[in-house]
Amino acid sequence: MPFVFEVPTTLEALHDMIATHASTGADASLVIQRIYAANSVRLNKNNKEKMQNFYDVLLRRFIAVGDAVHSSGDGGPDLGRYEQLNALTKILYKMAQDSPECAGAVWGRRLGIFQKALAKRLRDSELVSVDGCDDDEGQHFSAWPSTGTILLLRALGHIFPVTDKRHPVVTPALLLLGQTIAQAPVRSHYDLVAGLFCSGLMIEYTKGAKRFPPEALAFLAGVLRLFSLNAVEAASGIHLPTLEIAAKNPKFALMRRSVVAHAETSENAQTSLTQISLDKKMLSDQSMPTALICSTLKLVEIAVSNIDRSIGGSETEVMLEIHRSLLHIAQKSKRKSMPPIILKAIKNSLLVLSAGIKIDQARLPLNRRSGATTSELAVKSLAPRMEDPTRYAMSKDKNKSQTQAMHDRNRREYKREHKAAMRELRLDAAFIENERRKDRDKRDSKAREKRHRNFAWLEDQQAHMNEQVRMGGGLLSGGGTGAARAKAASAKLGIKKGGKF
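Residues numbered from 1 in each chain as written. Predicted model: local features only at pLDDT ≥ 70, side-chain atom pairs only at ≥ 80, totals over all residues. Heavy atoms only, no water.

**Some words on the overall build of the protein chain**
Applied cut-off: For the purposes of this entry, the term helix denotes a DSSP run of H or I that reaches at least four residues, the term strand denotes a run of E that reaches at least two, and both are numbered from the N terminus. Exposed residues in this analysis have more than 50% of their type's maximum accessible area, buried residues have under 20%, and partly exposed residues fall in between, with area computed by a 1.4 Å probe over protein chains only. Using a 1.4 Å probe, the Shrake-Rupley method yields the accessible areas, and only the shown protein chains count as cover for residues.
Along the backbone of the protein chain there are 22 helices and 0 strands. Put simply, the protein chain has 501 residues, and 38% of those count as buried. Put simply, the protein chain shows about 30,900 Å² of open surface, and 54% of that area lies on carbon and sulfur atoms.

This is the structure we're talking about:
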C-alpha cells in the first residue's frame with residue numbers, strides 16, 4: 001500500500017481506490033487516513049478546495065457504511081464497520097479543526113440535502129397505505145432517515161460543540177431532528193427504532209445547554225402509550241399525530257402482549273433488559289417490543305436528569321404526559337401483566353421522575369416578566385475608555401515636582417508633534433517632487449518626439465539626394481546641376497579642376 005494518495009473527488013473514485021489497495025476494513029480506514037495526512041490543509045493552504053470536496057466524499061462514505069450496518073451488521077473482524085465509522089469520525093473531526101469554515105459549509109449543504117429528502121419522503125408517504133407496504137412484495141416504506149444518516153447525525157455532536165446558543169451546523173441539525181420526530185409517520189418497528197434514536201440525539205444535543213426538547217419528550221410519552229392495556233385509550237392519550245396513526249395500527253396494538261409472551265418464552269428476558277439495535281435482523285426478532293420499552297424507559301431517565309430544574313419551575317407541566325404514560329402502562333392485568341423486570345424498570349423511572357421534578361410538591365406561581373429595558377437591548381459598546389491626559393503620569397515622571405513633570409510632559413508632546421510635522425512635510429515634499437518629475441518628463445517627451453520627427457525627415461531627404469547623385473543627376477535641375485551631369489558623363493565624379501584624387 002502506498003503512503004501518498006491523490007485526493008479522490010467522488011465517492012466512486014474513493015471506492016475504486018479502496019478496492020485496489022485494501023482488503024479489510026482496517027485497510028480502508030488506513031487508506032483514508034493516508035489521504036488526509038498527505039494532503040492536509042496544514043501542509044499546503046492550496047489544498048483547501050480539494051480537501052473540502054474530500055470532506056463531502058467522507059460524509060457520503062459514512063452514510064454508506066452506516067446503511068451497510070443496518071442491512072448486514074458489523075461484518076465480522078474483516079470488515080469491522082463500527083471501527084470504520086469510528087475512524088471516519090476521528091478524521092472528520094481533525095479536518096473540521098484544520099478548516100472550520102470549509103467543514104461548516106459542507107455540513108450545511110449536506111443538512112439541506114437531508115431536509116429536502118425528508119420533505120420528499122413525507123409527500124410520498126401520503127400515497128402509501130397505512131400498513132406501510134408500497135408494492136406487492138411487501139417492502140415497507142419509511143419516511144424516517146436511513147441508519148447511515150442517523151449515525152452521521154450522531155457523529156455530528158462529537159465534531160461540533162452543542163452548547164452554543166446558535167451554531168451554523170448544530171442548530172439546523174436540531175431543527176431537522178425535531179421536524180422528523182413531529183412529522184414522520186410511524187408504520188413499522190424500524191420507524192419506532194429510528195424515532196427513539198432521533199429522540200436520543202435531541203436529548204443529547206440539548207444536554208449540555210440545559211435546553212428543552214419538546215418533540216423528543218412527546219415521542220417518548222407516545223411510545224410508552226403503545227404498551228397500554230387498551231389501544232383505544234392509548235390513542236386518546238397520545239398528542240403526537242404521527243403516533244396516533246400507529247396506535248390504531250393492529251401491528252402495534254399487540255406490543256404489550258408481545259412483551260409478555262417474550263418474557264414467558266425467554267429466560268434472559270426475566271433477568272436482563274434488552275436494548276434496541278440498528279441491525280435489520282433485530283427488527284424482526286421476538287425481543288424487539290421488549291427492547292423498545294426498555295430503551296424508552298432509559299431515555300426518560302436521561303431526559304429527567306438532563307432537565308434537572310433548568311426550565312424555570314415548569315418541570316411538572318413538561319413531564320406530566322410522561323408521568324401519566326408511566327402510570328398507564330404500570331397497570332396490572334391477569335393476562336397482560338408486564339414482566340417483573342419491566343415493572344421494576346417502570347418503578348425506577350417513576351422514582352427518578354418524582355425525585356427530579358418534585359411532582360408531589362406545589363409549584364411556585366408564575367410571575368409576569370417585565371419587558372427588556374433600553375440598556376438591555378442596547379448593543380454593548382466596545383470603544384476604549386479615554387483617560388484625562390492631564391492626570392496621566394508616566395513612570396519616568398515619578399519622584400518629580402508637579403512643575404517639572406508638566407514641563408517634561410510638554411517637552412515630550414512638543415517633540416512628538418515636531419516629529420509628526422516633519423514626517424508630514426517629508427511626505428508632502430516627496431509627493432510634490434514626484435509630480436514635478438512627471439510633468440517634466442511629459443514635456444520633454446513631447447519635444448523629443450518632435451525632434452525625432454524632424455531628424456527622420458532630414459535623413460529621408462538626404463537619402464533621396466544621394467540616390468540621385470549615384471544615378472547621374474537625371475532628375476535634378478537647376479542650381480549647378482550641369483556640372484554634375486558633365487562629371488557624370490566623364491566618369492570623373494569627385495575630381496575638381498586642377499585637383500588631385
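**Things to note about the packing of aromatic side chains**
Quick note on the threshold: The pairing test for Phe, Tyr and Trp rings, Trp by its six-membered ring, is centres within 6.5 Å, and the orientation test on the planes gives stacked under 30 degrees, edge-to-face over 60, and tilted for anything in between.
Tallied over the entire structure, the rule returns 2 aromatic pairs. Relative to Phe160, the ring of Trp107 has its centre 6.1 Å away and its plane inclined at 90°; by these criteria the two rings are edge-to-face. Within this pair, whereas Trp107 is found in helix H6 (residues 100-125), its partner Phe160 is found in the loop between helix H7 (147-159) and helix H8 (170-183), the two being separated by 53 residues in sequence. Look at Trp144 and Phe219: their rings are 5.9 Å apart centre to centre, the planes differ by 65°, and that puts the pair in the edge-to-face class.

**Description of helix H5 (residues 81-98)**
This is how the line gets drawn: Helix span, as expected, comes to 1.5 Å for every residue beyond the first. Contacts: residue pairs with any heavy atoms within 4.5 Å of one another.
Helix length check: H5 (18 residues) gives 26 Å between terminal C-alpha atoms against 26 Å at 1.5 Å per residue, within 8%. By the burial criterion, the buried members of H5 are Arg81, Gln84, Leu85, Leu88, Thr89, Ile91, Leu92, Met95, Ala96 and Asp98. Tucked inside the fold, the buried residues of H5 contact helix H2 (25-38), helix H3 (48-72), helix H4 (76-79), H6 and H7.

**Details of the layout of surface pockets**
Selection rule: For cavity detection a 1 Å grid was placed over the protein atoms alone, and a set of points counts as a cavity when a 1.4 Å probe fits there but cannot get out; an open set counts as a pocket when protein lies on both sides within 12 Å along at least five of seven lines, with lining residues being those that have an atom within 4 Å of a point. Grid points are joined across faces, edges and corners, and a volume is the space filled by probe spheres set on the points.
When its volume is computed, the largest pocket comes out at roughly 610 Å³. Residue lining of the largest pocket: 26 residues in total, with Leu151, Arg154, Phe197, Leu201 and Glu204 positioned closest to the centre. Of all the secondary structure elements, the ones that give two or more residues to the lining of the largest pocket are H5, H7, helix H9 (189-205) and helix H16 (288-307).

**Topic: the packing of H8 against helix H10 (residues 214-225)**
Packed helix pairs are characterised by how far apart their axes lie and by the angle those axes make with each other. For clarity, the cut-off: Lines fitted to C-alpha atoms define the axes, with helix axes restricted to the stretch in contact, and inter-axis angles between N-to-C directions lie between 0 and 180 degrees. Roughly parallel covers angles under 35 degrees, roughly antiparallel covers those over 145, roughly perpendicular covers 65 to 115, and oblique covers all other angles. Should the near helix be turned anticlockwise from the far one by less than a right angle, the crossing is left-handed, and should it be turned clockwise, the crossing is right-handed. The classification used treats Ala, Val, Leu, Ile, Met, Phe, Trp, Tyr, Cys and Pro as nonpolar, Asp, Glu, Lys and Arg as charged, and all other residues, Gly among them, as polar.
Contact geometry of H8 with H10 gives a least axis separation of 9 Å together with a crossing angle of 30°. When the axes of H8 and H10 are compared, the pair comes out roughly parallel. Handedness of the crossing formed by H8 with H10: left-handed. Counted together, Gly178, Ile181 and Ala182 of H8 and Glu215, Ala216 and Phe219 of H10 form the full contact between these two elements. The residue makeup of the contact of H8 with H10, split by class, is 4 nonpolar, 1 polar and 1 charged.

**Re empty space enclosed by the protein**
The final tally for this structure, using the stated rule, is 2 cavities of 30 Å³ or more. Computed from the structure, the largest cavity encloses a volume of approximately 80 Å³. Around the largest cavity, the lining residues are Tyr36, Ser40, Val41, Lys48, Met51, Gln52, Tyr55, Met95, Asp98, Ser99, Cys102 and Ala103. Elements represented by at least two residues in the lining of the largest cavity include exactly H3, H5 and H6.

**Considering the pattern of salt bridges**
Oppositely charged side chains can pair when the atoms bearing their charge come close. Filter applied, for reference: Salt-bridge detection follows one rule: a side-chain nitrogen of Lys or Arg within 4 Å of a carboxyl oxygen of Asp or Glu.
With the rule as written, the count across this model stands at 9 salt bridges. Close ionic contact of Asp124 with Lys120 constitutes a salt bridge, the shortest N to O distance being 3.0 Å. A residue pair is termed a helical-turn pair when its members lie 3 or 4 positions apart in one helix, as Asp124 and Lys120 do in helix H6 at 4 residues. Judged by relative accessible area, which is 27%, Asp124 ranks as partly exposed. Given the relative accessible area of 47%, Lys120 is considered partly exposed.

**Comments concerning the confidence of the model for the protein chain**
This is how it is decided: The predictor attaches a confidence to each residue, called pLDDT, with possible values from 0 through 100.
Overall, the prediction assigns the protein chain a mean pLDDT of 81, with 81% of residues at 70 or greater. Here residues 134-138 is modelled with pLDDT under 50, and outside its nearest four sequence neighbours on either side it reaches 4 contacts, counting other chains as well.

**As for the side chain of Ser188**
For Ser188, the location among the structural elements is in the loop between H8 and H9. For Ser188, the contacting residues outside a window of four places in its chain are Lys251 and Phe252.

**Looking at the side chain of Ser349**
Here Ser349 lies in helix H19 (residues 340-357). Judged by relative accessible area, Ser349 falls into the buried class, the value being 1%. Setting aside anything within four residues of it in sequence, one finds Ser349 in contact with Leu297, Glu301 and Leu326.

**A closer look at the nonpolar core**
The nonpolar side chains of a soluble globular protein tend to be buried with one another. Worth spelling out the cut-off: Nonpolar core, defined: a set of buried Ala, Val, Leu, Ile, Met, Phe, Trp, Tyr and Cys residues in which side-chain atoms within 4.5 Å join the residues together.
Core analysis: the largest hydrophobic core is formed by 112 residues, its most contacted members being Tyr55, Leu192, Phe219, Phe227 and Leu243. Setting aside residues no more than four positions away along its own chain, Phe227 makes contact with Met255, Arg256, Val259, Pro289, Leu292, Ile293, Ile329 and Met338.

**Quick word on the environment of Ser142**
The line we're drawing: Counted as a polar contact is a pair of N or O atoms within 3.5 Å, where, for protein atoms, one must be capable of donating a hydrogen and the other of accepting one, and residues adjacent in sequence contribute only when both atoms are in side chains.
On the secondary structure map, Ser142 appears in the loop between H6 and H7. Filtering out sequence-adjacent residues up to four positions away, Ser142 remains in contact with Arg121, Tyr190 and Asp191. Among the polar contacts listed, one links the side chain of Ser142 to the side chain of Asp191, at a separation of 2.6 Å.

**Topic: the packing of H6 against H8**
One can describe the packing of H6 onto H8 by two numbers: an axis separation of 10 Å at closest approach and a directional angle of 10°. Of the possible angle classes, the one that applies to H6 and H8 is roughly parallel. Note on element contacts: H8 touches H6 through Pro172, Ala173, Leu176, Gln179, Thr180 and Gln183, opposite Leu111, Phe114, Gln115, Leu118 and Leu122. Here the residues of the contact of H6 with H8 sort into 7 nonpolar, 4 polar and no charged.

**A word on a nonpolar patch on the surface**
This is how it is decided: For patch detection, residues must exceed 30% relative accessible area and be free of salt bridges, and they are connected within 9 Å for like charges or within 5 Å for nonpolar side chains (Val, Leu, Ile, Met, Phe, Trp, Tyr).
Residues Phe455, Trp457 and Leu458 make up a contiguous nonpolar surface patch of roughly 360 Å² in combined accessible area. Structurally, Trp457 can be placed in helix H21 (residues 402-470). Its relative accessible area of 53% is what places Trp457 among the exposed residues.

**Some points on a negative patch on the surface**
Here is the rule we go by: Neither His nor the chain ends contribute to the count of charged residues, in which Lys and Arg are positive and Asp and Glu negative. Lys charges are placed at NZ, Arg charges at CZ, Asp charges at CG and Glu charges at CD.
A surface patch of like charges, here negative, comprises Glu435, Asp439, Asp441 and Asp444. For Asp441, the location among the structural elements is in helix H21. Taking relative accessible area as the criterion, Asp441 reaches 44% and is therefore assigned partly exposed.

**With respect to H3**
If you check H3, its first and last C-alpha atoms are 36 Å apart, about what 25 residues at 1.5 Å a residue would give, namely 36 Å. Positioned one or two residues after H3, Gly73 has a phi angle of 80°, which is positive.

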